[in-house]
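# What the coordinates show
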Amino acid sequence: MSGNHESLKKFLENRSSIRYIFTGGKGGVGKTISAAGIAAYFALKGEKVLLASLNPVHSLSSLFNQDLSGGVIKPVEGIENLWAIEVDITEKVMRYKKQLSERLRWFLKWADIPVKADEFVDIAATNPAFEESAMFDETVDIMLEKGSEFDRIIFDTAAVANAVRLLGLNKIYGLWLERMIESRKEALSLRVKLSFRKEKVMEEIKKDPMMKDLLELNEKIRKATEIFGDPNKTVFFFVTLPLALPIAVVKRFIKMVEGFNIPTGGVIVNSVLTKKTLELGEATDYLKNKLVEQERYLEIIKRDLWPQVRTVIPLYPREIIGVESVIKLSEDMFNWEPSMGFYQ
Ligand SMILES: Nc1ncnc2c1ncn2[C@@H]1O[C@H](COP(=O)(O)OP(=O)(O)OP(=O)(O)O)[C@@H](O)[C@H]1O
Ligand SMILES: [Mg+2]
């Protein structure tokens with residue numbers, strides 16, 4: 001427990017320029033509540049904060065016990081300066097499919113390829129990566145479009161696997177796009193050279209929808225990579241329970257994310273059974289056994305992750321529902337210091 005071990009509060013104070021905060025981890029470990037706790041902290045300090053849920057199954061409405069659905073930014077009743085959105089990608093996915101099919105038809109016709117576009121569209125659009133990339137696209141849009149409207153944006157991401165895969169995709173997309181743009185340029189200039197009606201071809205090229213798409217996408221990816229890779233702007237926190245599987249997942253993802261040059265902020269340990277929890281609930285055999293079991297996993301966290309632990313959230317006697325519970329959680333998250341250990 002060295003002196004330079006930063007708590008969540010210190011970590012974020014020492015990096016006050018960070019604007020985009022992500023929480024990730026295995027399913028059900030507490031990503032949503034952690035994101036909400038962080039968002040509430042900054043909002044209560046007077047900053048304008050957006051909490052964005054990127055899960056296909058949203059839970060902000062049930063967490064805050066109010067209707068935050070509909071895919072639009074809504075104020076959170078009870079916490080001034082806090083806004084929330086449950087991002088809806090169905091419309092985006094539909095738009096993508098339509099655009100993809102138009103582009104494909106156009107391309108097949110242009111290239112004189114006598115096949116039906118529908119089959120290609122179906123194959124491309126049923127790929128699970130399609131929805132993931134729509135989700136990623138939406139994330140980037142929120143960062144770019146809402147970044148100037150809010151002081152901080154906190155993202156509650158779907159399972160980290162997806163998030164990281166998206167970031168990996170991003171890198172591959174970038175490379176692929178560069179190649180596509182090059183070969184598109186070559187193809188177009190060849191057409192100009194070969195044509196007797198150069199002017200008409202030049203006109204056509206200016207309107208080339210595929211080139212336009214490629215350039216736009218490339219620009220977006222460049223910007224996204226810039227934001228995601230900037231430790232002064234972006235940070236990923238990993239949430240784990242004191243259990244074997246989530247710990248293993250967190251360790252693996254820290255490595256993966258760092259492999260993509262994305263800054264990691266550290267680990268949030270959630271649902272720790274404390275002496276206080278034991279006193280609150282009658283210390284049944286079940287809880288006593290749980291405590292013994294937990295001890296083992298806390299040892300692992302201490303051994304392998306301790307300097308990266310930013311906060312420890314106790315297991316509350318009840319589910320976290322409603323503004324008051326979120327505020328209490330937020331206080332616990334930001335009052336924690338390394339010297340408090342696991343509250344044992
Ligand atoms: N420390 C805690 N004490 C009591 N209940 C908790 C605690 N942490 C989380 N919960 C409850 O556990 C459930 C899961 O938490 P949460 O929704 O934040 O997890 P998640 O990682 O976002 O899940 P998903 O992967 O499904 O999105 C919620 O009902 C929440 O209220
Ligand atoms: Mg969640």
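Now for a description of the structure that goes with this document. The structure presented is a predicted model; accordingly, all values stated were derived computationally and were not measured.

## A word on the overall build of the protein chain
Helix and strand counts for the protein chain stand at 13 helices and eight strands. For the protein chain, with 344 residues in total, the buried portion stands at 48%. Within the protein chain, residue pairs in contact and separated by at least 24 positions form 77% of the contacts whose partners lie at least 6 positions apart. Approximately 18,200 Å² of the protein chain is accessible, and the part contributed by carbon and sulfur atoms is 56%.

## Let's talk about the nonpolar core
In terms of nonpolar packing, the biggest core is built from 43 residues, with Phe 155, Phe 228, Val 269, Ile 301 and Phe 342 touching the most fellow members. Grouped together as the second largest cluster of nonpolar side chains are 39 residues, Ile 38, Val 76, Val 239 and Met 333 included.

## Regarding the packing of aromatic side chains
Per the counting criterion, the structure on display carries nine aromatic pairs. On the numbers, 3.6 Å between centres and 0 degrees between planes, the contact of Tyr 41 with Phe 334 is stacked. Taken together, the positions of Tyr 41 in helix α2 (residues 31-44) and Phe 334 in helix α13 (residues 323-335) put the pair 293 residues apart, joining distant regions of the chain. Assessed through its relative accessible area of 4%, Phe 334 is described here as buried. One aromatic cluster is present, built from ring pairs that chain together Phe 22, Phe 155, Phe 236 and Phe 238. Here the basic side chain of Lys 48 rests over the ring of Trp 83, its NZ or CZ set 5.6 Å away from the ring centre. Lying across the ring of Tyr 297, Arg 296 places its NZ or CZ 5.1 Å from the centre.

## Quick notes on helix α4 (residues 90-110)
Look at α4: 30 Å from first C-alpha to last across 21 residues, which is about the 30 Å you get at 1.5 Å a residue. Count one or two residues on from α4 and you reach Asp 112, which has phi positive near 60 degrees.

## Side note on the pattern of salt bridges
For the coordinates displayed, the defined rule picks out 10 salt bridges. With a closest N to O distance of 3.5 Å, Glu 293 and Lys 290 form a salt bridge. Residue Glu 293 and its partner Lys 290 are located together in helix α12 (residues 285-304), separated by three residues, close to a single helical turn. Its relative accessible area of 29% is what places Glu 293 among the partly exposed residues. Linked through salt bridges whose partners overlap, the residues forming this network are Lys 251, Arg 303 and Asp 304.

## Digging into the pairing of strand β2 (residues 49-53)
Burial within β2 is extensive, with five of its five residues counted as buried. On β2, burial covers both faces: Val 49, Leu 51 and Ser 53 on one face and Leu 50 and Ala 52 on the other are all buried. Judged from the five bridges that link them, β2 and strand β4 (residues 82-86) form a sheet pairing that is parallel. In the strand pairing of β4, Leu 50 is matched with Trp 83. Where β2 and strand β5 (residues 152-156) come together, five bridges link them in parallel fashion. Along β5, the bridge assignment pairs Leu 51 with Ile 154.

Conventions we followed
Residues numbered from 1 in each chain as written. Chains lettered and ligands numbered in written order. Predicted model: local features only at pLDDT ≥ 70, side-chain atom pairs only at ≥ 80, totals over all residues. Heavy atoms only, no water. Helix = DSSP H or I, 4+ residues; strand = E, 2+ residues; numbered from the N terminus. Buried < 20%, exposed > 50% of the residue type's maximum accessible area, 1.4 Å probe, protein only. Contact = heavy atoms within 4.5 Å. Areas by Shrake-Rupley, 256 points an atom, 1.4 Å probe, with all protein chains shown as cover. Core = buried A, V, L, I, M, F, W, Y, C linked by side-chain atoms within 4.5 Å. Phe/Tyr/Trp six-rings, centres within 6.5 Å; stacked < 30°, edge-to-face > 60°. Lys NZ or Arg CZ within 6 Å of the ring centre and 35° of its normal. Expected span 1.5 Å × (residues − 1). Salt bridge = Lys/Arg side-chain N within 4 Å of Asp/Glu carboxyl O. Pairing = 2+ DSSP bridges.

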